[in-house]
Amino acid sequence: MKIPKVGWVRFRWSRAVPDAVKSFRVTRDRAGRWHVAFAAIPESIPAPGAGQMVGVDRGVVVSAALSTGEMLSAAGLRQAEKARLLRLLRKLARARRGSCRRAMVKAAIAKLKAREVDRRKDWAEKVSTDLARRFDVIAVEDLKIGTMTRSAKGATERPGSNVGAKAGLNRGILAAGWGRLVQRLEHKAPGRVVKVSPAYTSQRCSACGIVDAKSRESQADFACRSCGYACNADVNAARNIEHAAGHAVSAREGPRVAGPVHREPRPVLLSA
Ligand SMILES: [Zn+2]
């Protein structure tokens with residue numbers, strides 16, 4: 001390909017380029033790899049049409065929890081790779097500024113981080129395609145409303161070794177991964193992604209609707225003190241997101257004949 005001011009450049013095809021590409025972009029990632037990306041509008045995935053809705057929560061323990069109860073975890077770095085990364089970071093802190101050793105350590109860190117980003121990108125592609133194929137409406141939290149603090153809190157609530165370093169390292173990558181998942185969902189399922197306010201999604205009981213901060217006693221478990229409903233905390237949040245989106249959709253379209261498909265029974269209403 002001919003790049004302005006550079007001239008003719010060789011590159012390797014990593015995949016077939018669809019017809020009617022209008023432009024391309026040349027980028028260099030932090031591991032020093034050059035990429036050529038051709039811009040093509042992807043074909044949207046048709047809705048299954050079965051009236052299924054799903055809520056997706058950005059989890060701390062797992063990468064995403066679905067209101068169906070599924071827990072999806074993105075492949076990040078393996079245990080050995082994480083250990084190596086922490087070792088490299090300590091080495092970097094000791095290396096003298098401007099030294100050759102420092103540059104080598106930096107390059108090794110960049111390579112590992114690039115590998116993690118690659119895996120998360122791949123995960124976002126697979127999950128977004130899967131969700132767009134299986135569900136008509138996909139409900140997610142609206143990221144613009146301060147949710148950034150949640151992951152940091154999750155890490156400090158269960159302190160382990162190097163939590164500070166790990167949290168600092170992962171927060172940006174996790175947030176970027178979530179943003180990418182939502183963006184790819186919107187590309188693949190245009191008009192079928194509903195964004196809801198994340199307010200109280202982790203404290204509200206998805207069975208009876210009561211908001212109670214004490215229901216969330218541990219990071220992983222939700223236990224309602226009013227109706228006794230117990231569930232994985234991230235799945236509970238995903239169900240609240242689904243319910244909120246259900247309200248938003250029905251308010252827009254008027255009363256619906258069929259309600260959300262997997263709504264939990266409401267013990268409090270049943271006994272009243
Ligand atoms: Zn409850």
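Use the structure listed above.
Figured I'd write up the structure that's included with this text. The structure displayed is predicted, hence computed values, not measured ones. (Residues numbered from 1 in each chain as written. Predicted model: local features only at pLDDT ≥ 70, side-chain atom pairs only at ≥ 80, totals over all residues. Heavy atoms only, no water.)

### Points about the packing of aromatic side chains
Inclusion rule: Paired rings are identified among Phe, Tyr and Trp, the last through its six-membered ring, by centres lying within 6.5 Å, and are further divided according to the angle between planes into stacked (under 30 degrees), edge-to-face (over 60) and tilted (the rest). We count a stretch as a helix when DSSP gives it H or I for four or more residues in a row; a strand needs E for two or more, and each element gets its number in order from the N terminus. Summary of the burial criterion: residues with accessible area below 20% of their type's maximum are buried, those above 50% are exposed, and those between are partly exposed, where the area comes from a 1.4 Å probe applied to protein chains only.
Taken as a whole and assessed by the stated rule, the structure comprises four aromatic pairs. Relative to Phe-38, the ring of Phe-11 has its centre 6.4 Å away and its plane inclined at 50°; by these criteria the two rings are tilted. A residue pair is termed long-range when its members are at least 10 positions apart, and Phe-11 in the loop between strand E2 (7-8) and strand E3 (23-28) and Phe-38 in strand E4 (residues 34-39) qualify at 27 residues. Accessibility expressed as a relative area gives 28% for Phe-38, which makes it partly exposed.

### Focus on the sheet that holds strand E5 (residues 53-58)
Quick reminder of the rule: Strand pairing is assigned whenever DSSP identifies at least 2 bridges connecting the two strands.
Reading across the sheet, the five strands line up as E7-E6-E5-E8-E9 and stay open at both edges, with mixed pairing between neighbours. Where the open sheet ends on each side, the last strands, each with one partner, are strand E7 (71-72) and strand E9 (193-196). Judged from the two bridges that link them, strand E6 (residues 64-66) and E7 form a sheet pairing that is antiparallel. Among the inter-strand pairings, Ala-64 is bridged to a residue of E7, identified as Leu-72.

### A few points about the packing of helix H1 (residues 79-94) against helix H2 (residues 100-134)
In a pair of packed helices, the angle between the axes and the distance between the axes together describe the arrangement. Which entries qualify depends on this criterion: Convention adopted: a line fitted to C-alpha atoms gives each axis, helices being fitted over their contacting stretch, and angles between N-to-C directions are expressed from 0 to 180 degrees. Geometric relationships in this document are graded by angle, where less than 35 degrees denotes roughly parallel, more than 145 denotes roughly antiparallel, 65 to 115 denotes roughly perpendicular, and other angles denote oblique. Put simply, a crossing is left-handed when the front helix is turned counterclockwise from the back one by less than a right angle, and right-handed when it is turned clockwise. Every residue pair with non-hydrogen atoms within 4.5 Å of one another is taken to be in contact. Residue polarity is assigned by list, with Asp, Glu, Lys and Arg as charged and Ala, Val, Leu, Ile, Met, Phe, Trp, Tyr, Cys and Pro as nonpolar; anything else, Gly included, falls into the polar class.
Between H1 and H2, whose axes approach to 9 Å, the crossing angle comes to 150°. The angle between H1 and H2 places the two elements in the roughly antiparallel class. Read as a crossing pair, H1 and H2 show a hand that is left-handed. Contacts between H1 and H2 involve Glu-81, Arg-84, Leu-85, Leu-88, Leu-89, Lys-91, Leu-92 and Arg-94 on the former and, on the latter, Arg-101, Arg-102, Val-105, Lys-106, Ala-108, Ile-109, Leu-112, Arg-115 and Arg-119. Class assignment of the residues belonging to the contact of H1 with H2 gives a composition of eight nonpolar, no polar and nine charged.

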